[in-house]
Every structure is written in structure tokens, then in C-alpha cells.
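Analysis of the macromolecular model
Each chain, letter by letter, is given below.
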Amino acid sequence: MKLFHYLFRMGFSLSIAFAISFSAAVIYFDYNEYTRSMDRISLVVVPTLAIAFLLFEIFPVFWAWFMRRQFDILFTFGLFSLFAAIETVLSVGTSRIYYLGTFAFALALFTLMLPAAQPMERLRLSHSLWHYLIGFLLSLIFTYGAMGFLSGTLDGRFHIIVFSMTLTILGSVAGYYLVRRAARSLKDGFLTNGLNIFLAFILPLFVAGIFYISTQFPTMFTPWYFQIPVEWLDLYLSSAIIAGAWGILLLEQIETRGIYQSFRKTRAFSFIKENLPGFYAGAMFFLANLVLARTFNHPTFSLNSIVFEADAGPWFAILGYPEGFNVNRAVHPLVLITARPFVRLIGLFVGEKWFLAPMIAIAAVSGSAVLMGWIFVKRAAQKDTYAFIFAILLGTTASHLLFGSLTESYVFGMASLIFFFLLIQADERRFSVLVPAGLLVFGVTITNIAQSMIGLFFKKFGFRRLVYYGVVVLAAGIALTTFVSMLFPGNQSFFFVPEDISFEARFTQPVYASPTEWLANRAKIVGRTIFLYGVLAPEPIEVFTGKQAGNPMINFKTYHYKDDLVAWYHGMANIPLGLWLLLLAVSVIFFLKNIRSQDTPLLLGLSGSIAFNFFLHMNYGTELFLYTPYWTFLIIFFIAVSLKELAERAWFNITLTVFLLMVMANNARFIFIILRALAPYFGN
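Values in this document were obtained by computation on a predicted structure and should not be read as measured data.

Core analysis: the biggest nonpolar cluster contains 214 residues, and Tyr386, Leu402, Tyr469 and Trp580 have the highest contact counts within it. Broken down by element, this core gets its largest block of residues, 18 residues, from helix 15 (residues 356–381). In this structure, Trp580 is in contact with Phe531, Leu532, Val535, Ile635, Ile636, Ile639 and Phe659, ignoring residues within four places of it in sequence. Judged by nonpolar contacts, the second largest core, of six residues, contains Ala25, Val26, Tyr31 and Leu43.

Written out as C-alpha cells, the structure reads:
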């Protein structure tokens, strides 16, 4: 019996060692390049004997440990190892030796995964392994896309392995907790509502739709922007499979050491738990806007003044270019110490591919605006489904989709304003909080400070306190602007110097200097832009212009004054237009009906800010769609708060969802039209 065990142990060790050595010699070590038999024999036999000896020595301990393990866990590890080996080795096979190499590679992966077997056996007694498995698979998708997007920044095998393993381990553990939370929510939480499940399912479909639309224009976007290069696939898959198993070790430590239980007691955990649907919606729109950002912001092409007069080309450089770039617009005094540092912080992780940083930053701020939209409506109505619908509606608006992707200052201004209105809603009165928030608003675009002050005024902040607040923000803004100009000499002009601010006069036509007929027409244009275009995109006007080196290019507008053309809605777009007008009208009726409610100060602040924008753009701006991020959220919030007493009505939420789907379809078509017109110029 001992002889049989000895022979089995020896045969097993030699077989495994030979499979590894011979397949490695042929596939990786240029076995056929050696002409002498002695060299070939040495290349195979020497490693075989060395590996066999080591296997022979550890065999008793390993076998005893192996036989105590649970079969289903080992079988699962084996399946994943075999899958990775087939994809890595067999997919490029040119001879039968690759079958042997596949077996050897799978065995190596299986062995590296084994340390997680025993922790998994312990965890399965109190935790669902299915939750972890789903979380791991989701992390594989996320890691794949992230590595594809950053493929130009990762250099060498070590970077690829470390990045893949780190993201997969952390993603698997985070995925486990999220999947577990979703499973519990299906029983007694947010996902018990079928409408919430439908909305949650629609979001990734919308992201996929945006991705598909972008792929229709290969000169602007290619799926390879989010795909791992073929030569990386073996490293990614192998390291991710191993990391998925090792994530079990980390999960066990988090659970047994009480780290998760300690985290549950923190305010951060409570905030995340209460706002998970908002985080989910924000993440989905981050992905959608990131795809569009990669499509619009072509690093070799300037979109300056082509898309609704957006200065996307210069802002791409202002925010992301390592050497810096001149702002020289006095109305944006602090972007070089607010928005740009945020973008350059992201730039630390993208290396020489600096142009990826503005894309990531714009999409991230866009996603955070959706999250803040959820918080605002949830706080007002105390109904999750209602808040979820309006958060998605905010992210789906034409203004958010375009300017949450196109590199410009507007998404930063929108996010800073939403954050300030969250403070107003929370009745925040501390100057230590309001002044920095106000400087953030003021620093992106100086006129936006008026909206913050209007909101505070109607929340009964107090006239003297409001004046003092305005003086403090103005004084700090002046001081910081001079600091910016010293820090970046020649890059920033001064909003308090008449010559610098007078540049903006080229975009103004004061109402007092305009004929009555012009004023009436201007009021119609401003009204359409404020109350319609930002939410529901019209059919854009495509005007040919000769700005790019004499070559005619498409220039998008919503109003072409030379031919008196106005963007409008056609065909099926009139259905959501009618619903939107009805929604606006009903919200005004409810506002007037409940004029003495506790929400009135907040609603007056929102409507006052809308009125301010109307008056401002009666005097300022040529292509007004450009400024829609500064008021679209105000209208969405006004409707959500005004109609909150309908938040519990299932029929109303279903109606809102139907309208939401129409808005998605209409605005996706809007994006398609813009990309279709721009695509011919990107290939040149």
C-alpha cells in the first residue's frame, strides 16, 4: 500500500511538472528555435525534475488539506481557472501542445486561488456566496471598461496586473455589499416597488443606447476606447480571476474584525444607505456622460463656438492642459483654483493622456449633480420613487446630456448651484459654510451669485445678513482673483476692471435700448429656451459657416437671427412637449393653491432665480441654449416640490415615467443629430 502511495505521488508530481515544463518550453521559451537535442532536453527535463521534486515534497500536506475542502468551492475555482486558461492560451493555439498548455495554465490559476477556499467555507455559513459571485462578475465588467479607457496610461505588465487585481478585489467586495443590499431591498425596501425595478433596469439600457449611438460615428468614437487591447487580455483575465478569489480573504477580514460593523455606525454609511438609488442614478449618468465626453471631446479637434457657441476647445485646454491655458474671461474668475485643480488631480492618474482628465471630471460632476438632485427631491417629498424619477429626469434633460459631456464651465456652475440650493433647503445659516459655497458659485460664473442670494432672501435669511454675506463673498472673490492672477500670470483677467469686464458687452443688447418689436421677439426666444429647450431638446438648426480655415462647417443654433429661424419640435416630439407644458401648468397651479405652505420660501427662491435668468438673458447672450444648465435644474426642482403631494399616487408616478421615457428618446435623438453633423469633420 505504501508503495502504491509512493508511486502515485511520484507519478502525479512528474506528470504535472512535465505538463508545465513542456508546454511552457514550446509556447513561451522558443523550444523549436533550439537545434541541438541536448538543449531541448535540458529546457524540458531540468525544470520538470525541479518542479516534480517540490511537488513530491509538499504532496502529503497539500493532499491532506485538499481533501478537507468542500467540492463545490473547488469545482467553482476550477471552472473559472479553466475559462481563463481557454481564453488566454487556447484562443491563440497553433498546435495540440496548446491543449497541454491550457491545462497547465488552468492548474496554475487554480493553485493561486486555493488560499481563498477555506475562508470561503467559513463565510458561506453566514453569508451568501451568490451575492459575492454576482459582485465579482460586475467588478469584472467595471474593471474591463476602466482598463480599456485608461489603456494609454498603463505601462507594462506590472501596472496591468496591479491595476486589474486592485480594482477587482475592491470591486468584488464592494459589489458583494451592494448586491446583498439589493437582494434585501427586493424583500422589504426600495426594490419592492415594481416601478423602481423598471427604472433601475432602464438606466443601463439608456447607457447602452448612448454607447450604441456613439459607435455609429467611428471617426469620433470607437468601442476600443473602452476595450482592453488584445495583448492585455491574458494578463487582465488571469489577474482578475485570482483577485476575485483573494477578495474573499479581504471580505472575511472585514467581517471578522468588525470593520463593516464599525462602518455601519458612521454618518457616511447612513448617508450612503439612505441615498443608494441616487448614487446608482448618478453612476449611470456618469457612464453615459463619459461615453459622450469621449465622443465629443476629440483631442485633435476644436469645437469652439460650433455647438451652440460653446467654447469647448479652449476649456478643454484650460481645465486639462498640463502647461495651463489662458482663461481671459473676467466672468470666470476662480476656475483656475477650483475646477482646474480638480481636473489636474484626476490627471495624476492618467499620465501623458492628459486629455482624459477633463472628460472624467466633467462626467463625474454631471453624475454628482444627479445625486444631488435625488437628495433635493427626496428631502422635499420623502418619497423614494418620486425622487428617483426626478433625479433621472434631471440627468436625461437635453442640457444635462450635452453640457454634462462637452468640456465647458457650465456643468461646474450647475453643480455648484445645486449644492447651494441644497444648503438653502437645509436652512443652512452658518457663514463658514455659505461663504465657501458662495465663492464656488461666484468663481465659476460671477452672475450666478445672484441666484444664491435670491434663494437666501426668500428663505428669510435676513436683509442685513444677506448684504453682509454678499459683501464678504465679493471681497473674498476680489482677493482670490488677484491671487489667481499672481499664481497664473497673464492667464486670468479681472472682473472688477472695467476694460476686462467690458469684453462681455459684445454679447449684450440692453432692453432699454431696444425697440418694442425686438423686445417681444426676444421674450419669446428667452421663454422658449428657459422653459422648453433645456429639458426637451428641439430640432436644432444646422447652419453652415466658414470658421474652420475656410472650410464650411455645421454650426448648431436654437435661433438663427439672420434668417429669423427658430428651433422647434416636429412629429412625435410634440407628444412629450404637450406633456411637459401640462406638467409646467399643473405645477404652477399647485404652487398657487399651496401658497401658504412651508415649501413656499424655497419655491419662491427657485422661481425668483428663474425670473433672474429670464431678465439677465433678455439683455445678455446670443445663443441662449448655452446657458440652460443654470436654470434647467431650477425648473425640475420647482415642479418636483410643487407637486410633491402627488408623490404617493401610483398613477402620477407611472405618468411621469412614461414622460421620462419620451424625454430619453427625444434627447438621445438630439445627441444623434449633433454627432451625425460633426462626424464628417473629425476624420480630416
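A cluster of basic side chains, namely Arg181, Arg184, Lys187, Arg264 and Lys273, defines a positive patch on the protein surface. The dominant element in the positive patch, judged by the number of residues it contributes, is helix 7 (residues 156–188), at three residues. Secondary-structure assignment places Arg184 in helix 7. By relative accessible area, which is 42% here, Arg184 ends up partly exposed.

So, on to a nonpolar patch on the surface. Taken together, Leu3, Tyr6, Leu7, Met10, Leu14, Ile41, Val45 and Leu49 make up a surface patch of nonpolar side chains, about 720 Å² in accessible area. Among the elements of the structure, helix 1 (2–27) and helix 2 (37–67) are those that each provide at least two residues to the nonpolar patch. For the nonpolar patch, the element with the most residues is helix 1, which contributes five residues. On the secondary structure map, Ile41 appears in helix 2. Of the residues examined, Ile41 reaches a relative accessible area of 46% and is grouped as partly exposed.

Here we come to the packing of aromatic side chains. Overall, the coordinates contain 48 aromatic pairs when judged by the stated rule. When the ring of Phe80 is compared with that of Phe136, the centres are 5.6 Å apart and the planes differ by 75°; the resulting orientation is edge-to-face. Linking Phe80 in helix 3 (residues 71–88) with Phe136 in helix 6 (residues 129–149), this pair joins segments that are 56 residues apart in sequence. For the pair Phe80 and Phe136, a shared accessibility class is recorded, and that class is buried. Residues Phe217 and Phe672 carry aromatic rings whose centres are separated by 5.3 Å and whose planes lie at 50° to one another, so their mutual orientation is tilted. With Phe217 in the loop between helix 8 (194–215) and helix 9 (233–256) and Phe672 in helix 27 (residues 650–682), this pair connects stretches of sequence that are 455 residues apart. Put simply, the rings of Phe308, Phe403, Tyr410, Phe556, Tyr620, Phe625, Tyr627, Tyr630 and Phe670 pair up and form one aromatic cluster. The side chain of Arg294 reaches across the aromatic face of Tyr225, ending 3.7 Å from its centre.

Not every positive phi belongs to a glycine, and Phe308 is a case in point at roughly 55°. With respect to the helices, strands and loops of the structure, Phe308 is situated in the loop between helix 12 (276–296) and helix 13 (312–320). Phe308 gets classed as buried once you look at its relative accessible area, which sits at 0%. The residue Glu309 is not glycine, and still its phi comes out positive at about 65°. As for its placement among the helices and strands, Glu309 is situated in the loop between helix 12 and helix 13.

What counts, and where the lines are drawn
Residues numbered from 1 in each chain as written. Predicted model: local features only at pLDDT ≥ 70, side-chain atom pairs only at ≥ 80, totals over all residues. Heavy atoms only, no water. Core = buried A, V, L, I, M, F, W, Y, C linked by side-chain atoms within 4.5 Å. Buried < 20%, exposed > 50% of the residue type's maximum accessible area, 1.4 Å probe, protein only. Helix = DSSP H or I, 4+ residues; strand = E, 2+ residues; numbered from the N terminus. Contact = heavy atoms within 4.5 Å. Patch = residues over 30% accessible without salt bridge, like charges linked within 9 Å, V, L, I, M, F, W, Y side chains within 5 Å. Areas by Shrake-Rupley, 256 points an atom, 1.4 Å probe, with all protein chains shown as cover. Salt bridge = Lys/Arg side-chain N within 4 Å of Asp/Glu carboxyl O. Lys, Arg positive; Asp, Glu negative; His and termini not counted. Charge placed at Lys NZ, Arg CZ, Asp CG, Glu CD. Phe/Tyr/Trp six-rings, centres within 6.5 Å; stacked < 30°, edge-to-face > 60°. Lys NZ or Arg CZ within 6 Å of the ring centre and 35° of its normal.

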